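Architecture and fold: a report
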Amino acid sequence: MGFISYNLDYYYSELQKIESGAGTEEDVYRAKQLLKMLDDLVDEGYTELNEKLEESFGAVSRLQKYLESHNAIPFEILHKPVGEADVTYESDNMELVEAIESACILAKMSSAVSDDVFLTELVRFCEWIGCEEDTAYIFLLRDTLLPYIYYRGKGRSSAYPWLLGRKTMTMLAGKELVDDEIRASIIKALESGKCHDYDEFCEFVLPDIRECLERYPKMKECLMGLLGKITEKRIVVVESGCSGTFPMLLMSLDSRVDMRMYTTYPYLLETYCDKIFTSKYEENRLFETLYSQDLYFRFSDLRDGKFYVNKCASEEVEEKALAEIRFFVE
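The text that follows walks through the structure, step by step, so that each part is easy to find. Please read all numbers here as calculations on a predicted model, not as lab measurements. (Residues numbered from 1 in each chain as written. Predicted model: local features only at pLDDT ≥ 70, side-chain atom pairs only at ≥ 80, totals over all residues. Heavy atoms only, no water.)

**Some details on the packing of aromatic side chains**
Under the definition given, this model contains 27 aromatic pairs. The ring of Phe-75 carries Lys-32 above its face, with NZ or CZ at 4.4 Å from the centroid. Sitting over the face of the ring of Tyr-151, Arg-156 holds its NZ or CZ atom 4.7 Å from the ring centroid. (Phe/Tyr/Trp six-rings, centres within 6.5 Å; stacked < 30°, edge-to-face > 60°. Lys NZ or Arg CZ within 6 Å of the ring centre and 35° of its normal.)

**Describing the pattern of salt bridges**
On inspection of all chains with the given rule, the structure shows 28 salt bridges. Salt-bridge contacts for Arg-62 lead to Glu-19; the nearest nitrogen and oxygen are separated by 2.5 Å. With Arg-62 in helix α4 (residues 59–69) and Glu-19 in helix α1 (residues 3–19), this residue pair connects regions lying 43 residues apart in the sequence. For Glu-19, a relative accessible area of 38% gives the class partly exposed. Measuring nitrogen to oxygen at the nearest pair gives 3.2 Å for the salt bridge that ties Glu-132 to Arg-234. Of the two residues, Glu-132 is situated in the loop between α6 (118–129) and β2 (135–140) and Arg-234 in strand β4 (residues 234–239); the sequence distance between them amounts to 102 residues. A relative accessible area of 23% means that Arg-234 is categorised as partly exposed. Salt bridges sharing common partners tie together Lys-36, Asp-40, Asp-43, Glu-44, Arg-285 and Glu-288. (Salt bridge = Lys/Arg side-chain N within 4 Å of Asp/Glu carboxyl O. Helix = DSSP H or I, 4+ residues; strand = E, 2+ residues; numbered from the N terminus. Buried < 20%, exposed > 50% of the residue type's maximum accessible area, 1.4 Å probe, protein only.)

**Considering the environment of Asp-116**
Along the chain, Asp-116 falls in the loop between α5 (96–109) and α6. Asp-116 sits 129 residues away from Thr-245 along the chain, and the two C-alpha atoms are 28 Å apart. Within the structure, Asp-116 has its side chain in polar contact with the backbone nitrogen of Phe-118 (distance 2.8 Å). (Polar contact = N/O pair within 3.5 Å; in protein donor to acceptor, adjacent residues only side chain to side chain.)

**Notes on the sheet that holds strand β6 (residues 297–303)**
Here three strands make up an open sheet; going across it, the order is β1-β7-β6 and the pairing antiparallel. At either margin of the open sheet sits one strand with a lone partner, and together these are β1 (94–95) and β6. Where β1 and strand β7 (residues 306–311) come together, two bridges link them in antiparallel fashion. Residue Met-94 lies in a different strand from β7, and its bridge partner there is Val-309. (Pairing = 2+ DSSP bridges.)

**Structural notes on unusual backbone geometry**
Of the consecutive residues Leu-141 and Arg-142, the connecting peptide bond is found in the cis state with omega at 25 degrees. Its place among the elements puts Arg-142 in the loop between β2 and α7 (145–153). Backbone geometry at Cys-273 places phi at a positive 45 degrees, although glycine is not the residue there. Phi at Asp-304 takes a positive value of approximately 55 degrees, unusual for a residue other than glycine. As for its position among the elements, Asp-304 is in the loop between β6 and β7. Judged by its relative accessible area of 69%, Asp-304 is exposed.

**Describing the sheet that holds β2**
Taken together, the four strands give an open sheet; going across it, the order is β3-β2-β4-β5, and neighbouring strands pair in parallel fashion. Looking at which strands have only one partner, the edges of the open sheet turn out to be β3 (159–162) and β5 (257–261). Ignoring strand direction, the axes of neighbouring strands in this sheet form an average angle of 25 degrees. In the sheet, β2 pairs with β4 via five bridges, with the strands oriented parallel. Residue pairing in the sheet places Tyr-137 in a bridge with Val-236 of β4. On top of the sheet, α7 reaches β2 and β3; it is set at about 155 degrees to β3, its chief contact. (Axes fitted to C-alpha atoms, helices over the stretch in contact; angles between N-to-C directions. Contact = heavy atoms within 4.5 Å.)

**Regarding the pairing of β3**
Relative to β3, β2 is paired through four bridges, and the arrangement is parallel. Each residue of the ladder has a partner; that of Leu-140, found in β3, is Trp-162. With α7 bridging β2 and its parallel neighbour β3, the resulting β-α-β unit is right-handed. (Right-handed = clockwise from strand over helix to strand, strands pointing away.)

**Looking at helix α3 (residues 48–57)**
The set of residues buried in α3 consists of Leu-49, Asn-50, Leu-53 and Phe-57. Buried positions in α3, seen along its axis, are confined to an arc of 105 degrees and lie on one side of it. On its buried side, α3 packs onto α1, α2 (25–43) and α4. In the segment just after α3, Gly-58 is the residue with positive phi, at about 60 degrees. (Arc of directions from axis to C-beta.)

**Structural notes on the pairing of β7**
Burial analysis of β7 places five of its six residues in the buried class, which makes it a mostly covered element. Pairing analysis gives six bridges linking β6 to β7, with the strands arranged antiparallel. Looking across to β7, one finds that Phe-299 is bridged to Val-309. Connecting β6 to the antiparallel partner β7 that follows it, the hairpin turn spans two residues, and Asp-304 within it adopts a positive phi of roughly 55 degrees.

Dropping the structure here:
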């Protein structure tokens, strides 16, 4: 049971459907998405699933051959222009909201505006999320920094940027890869075969995450404290995607929480359904190619209910990041 076993079954079933199909445009698109998921994992340094799938039933080779036979080109692997290991960060700790406000002021004074076409898509994503009365919006950074800035620019005071990622979880739990433990609850629900819609999925996943959190009381206490400071009757957690690990984590702690994500994995589309902006999983990595979201700020601390960051010391990164931010503050 787990990520590997679930994906072995999933890919075997999907390949059977695709190869026995009529080779429609939909079939080819599905094959491209399946291969893209594996390519992304390998690009991130995770090769085990790829190797298991190839050893078990030649999944990778079959997908490549299928696309070649239908004159289809695989989705491009989107490499980050600069990696975090290639830059340095300032030593000063800046409170996150203040750091973002400072960046917005600098962006307004800069001369360049980014022409990245994905920024227009992010605006559409923000418009789709909407803005309802008595509803707080938590933007999970780093990938939703620009949507948060968009909301702040519209004068929406009930927007909260939370730098809640793997580094934050490691600090709170005192060990690495805790997010994988939480994500395991999602995979377990999929493998169970008992979750036929979103509500059934939540009924399975949320108690399982709560049980996991009992092993990390400090993390549970901190997150509940952060949620407790929000007074609105409803909370929408906004994330780029794909598993919904952090939104589901927060949902397990507070019944007010709902989620909105840009996209998800194909095998979670039917589950998350109207919580997802687009089914184009292949666009998810575009969030990571934006300098402002991927490189400009780095998590440094979480204390007294506030997130702190270090700013990137690279002039090139700052210039490109501010150009992206200016697109949203003009």
